[in-house]
Amino acid sequence: MKYFRIIAPLVIILEIFAYINAYVVDLKAASIDSNRFQDEAAIWARGGEFRFVTDAEFFHQYLGILFRLFGESEFVATQFGLIALIAALYYILRMFERLGVRYGPIVVALVALWPSSLTRVTTTMREPYLIFFVVVVCYLLVKYRAENSMKYCYAALGWSLAGAAFHKGYAILFVGIIAYLFVMGSNTKSRGRDFRTKALKVGLIGFLVIALVQFKEAFESVRGLRPLVSLMTLDSDYMSRIVQSKADRDFRTTYDAKINFDSASQFLTSAPITYLYYMFSPFPWMIRTGIDFFAFVEGCIRAVALGFLIIMFRKKQLNQIAPVIVVVLMLTFVWAAGTANYGTASRHHITTNWFFFMIYAYYFSIRKIEKQPTKRRAPHTRNRRERLGRT
């Protein structure tokens, strides 16, 4: 009930915008993509066949199923995206509660009503689903870190694969979870449980490697699945072609920064520059319109959040949110690698805005606890401090 009181007003506002988008006036900031999704879905609904596909084609088929079941209604199809977004807000609140972070209602309000995302999540776009997948994966990994139960890892892997069906870039979530399991691990200290967990990890990795080797050609033949295979096999030629195809598109918002896969040294020098452009452009000298200025403000918000992240890292206060940081930073790197203009980047940022808002909440939660006198600090406050990772 406490979550309902927080989320219900946001749902009303989202529904109003969904209705306006569908029946009154086109408010969509990416109407070309939304309309294309609807057109392709309508064609599929009238005679398409089920196929094993991923990425945009999967989303066409997914919307086509909704159109076939409920009629070709943008408003009805949008409801399923809103359900995914509402579920994401719920899991953000659950994550905050588990971590002992304050300001949860403010963060979910910002996620739901942020200007650059409000008109995009209230139509037939993939962004609401993509927000949900990354949030639920992070929530499950936070639970794994706290409880050392591999069932949460398996659930996170399953949701990451579901996310990869909606967008090929989400294949990195799967890789990120595997990397996190081996590098970070959990908080609990039990030799027997730790041995069983390591055995399960080794078995899981062995199974994935064997499957990839044995069925590589079959996986590549699935439309949209090639990026996952190229990522896991380090196929730099394929990844370079993808990046080049993005960079060749000449838009007003295109920036001259892309990752170079020709050699290790060129990759190491080009990757940071590309990441900086993705995270913080447009820079002041690139601003031409009011939309550019708002994108610049968003970049400043991310820059300050990363500054807070560095401060907390130096103070060793990031223990509990380590899995969230690993997953989100890997996802932003993939977005950066495949993005060549800050217009497209603004859409990708929608999927990770919640993380940067969370960093603000996490930082100020710690600051508020630190300012309280130790002798007067209530027991529940001390527990909150422990959950926040203060060691």
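Here, the structure is the one placed above.
Residues numbered from 1 in each chain as written. Predicted model: local features only at pLDDT ≥ 70, side-chain atom pairs only at ≥ 80, totals over all residues. Heavy atoms only, no water.

J.: In this structure, what is going on with the pattern of salt bridges? I would like to understand it.
T.: Side chains that differ in sign of charge can pair as their charged atoms come close. Per the counting criterion, the structure on display carries nine salt bridges. Between R126 and D55 there is a salt bridge, and its shortest N-O distance comes to 3.4 Å. Remark: D55 occurs in helix α3 (residues 55-70) and R126 occurs in the loop between α6 (115-121) and α7 (127-147); sequence separation between them is 71 residues. Assigned by exposure class, R126 and D55 land together as buried. Across the pair E147 and R98 runs a salt bridge, and its minimum N-O distance is 3.1 Å. With E147 in helix α7 and R98 in helix α4 (residues 74-99), this residue pair connects regions lying 49 residues apart in the sequence. For E147, a relative accessible area of 29% translates into the label partly exposed. Given a relative accessible area of 29%, R98 falls into the partly exposed group. Residues joined by salt bridges that share partners form a network here, namely D33, R36, E127 and R347. (Salt bridge = Lys/Arg side-chain N within 4 Å of Asp/Glu carboxyl O. Helix = DSSP H or I, 4+ residues; strand = E, 2+ residues; numbered from the N terminus. Buried < 20%, exposed > 50% of the residue type's maximum accessible area, 1.4 Å probe, protein only.)

J.: Looking at this structure, how should I read the nonpolar core?
T.: Across soluble globular proteins, you tend to see nonpolar side chains buried next to one another. Judged by nonpolar contacts, the single largest core of 99 residues is most densely connected at M95, V134, I321, V324 and W354. Residues in contact with M95, not counting those within four places in the same chain, are V135, C138, Y139, V142, V324, W354 and M358. (Core = buried A, V, L, I, M, F, W, Y, C linked by side-chain atoms within 4.5 Å. Contact = heavy atoms within 4.5 Å.)

J.: Explanation requested: empty space enclosed by the protein in the structure shown.
T.: By the definition in use, this model includes two cavities of 30 Å³ or more. Of the pockets and cavities examined, the largest cavity occupies roughly 50 Å³. At the level of elements, α15 (290-314) and α18 (353-371) are the ones that each hand at least two residues to the lining of the largest cavity. Class assignment of the residues belonging to the lining of the largest cavity gives a composition of four nonpolar, one polar and two charged. In this structure, the second largest cavity spans a volume of roughly 40 Å³. V111, W114, S117, I131, I350, N353 and W354 together form the lining of the second largest cavity. In terms of residue class, the lining of the second largest cavity is built from five nonpolar, two polar and no charged. (1 Å grid on protein atoms, 1.4 Å probe; cavity = no way out; pocket = protein on both sides within 12 Å on 5 of 7 lines; lining within 4 Å. Points joined across faces, edges and corners; volume = space filled by probe spheres on them. Nonpolar A, V, L, I, M, F, W, Y, C, P; charged D, E, K, R; others polar.)

J.: What's the story with the environment of V76 in this structure? I'm lost.
T.: Structurally, V76 is set in helix α4. In this structure V76 comes out as partly exposed when scored by relative accessible area, which is 28%. C-alpha of V76 to C-alpha of Y19: the two residues are 57 residues apart in sequence and 9.6 Å apart in space.

J.: Is there a simple way to explain the packing of α4 against α18 in this structure?
T.: Helix-helix packing: each pair is described by the crossing angle between the helix axes and the interaxial distance. As a packed pair, α4 and α18 sit with axes 12 Å apart at the nearest point and diverge in direction by 30°. Compared by their axis directions, α4 and α18 come out roughly parallel. For the element pair α4 and α18, the recorded crossing hand is right-handed. In this structure, α4 uses I92, M95, F96 and L99 to contact α18, whose residues at the interface are W354, M358 and A361. (Axes fitted to C-alpha atoms, helices over the stretch in contact; angles between N-to-C directions. Parallel < 35°, antiparallel > 145°, perpendicular 65-115°, else oblique. Left-handed = near helix turned anticlockwise from the far one by under 90°.)

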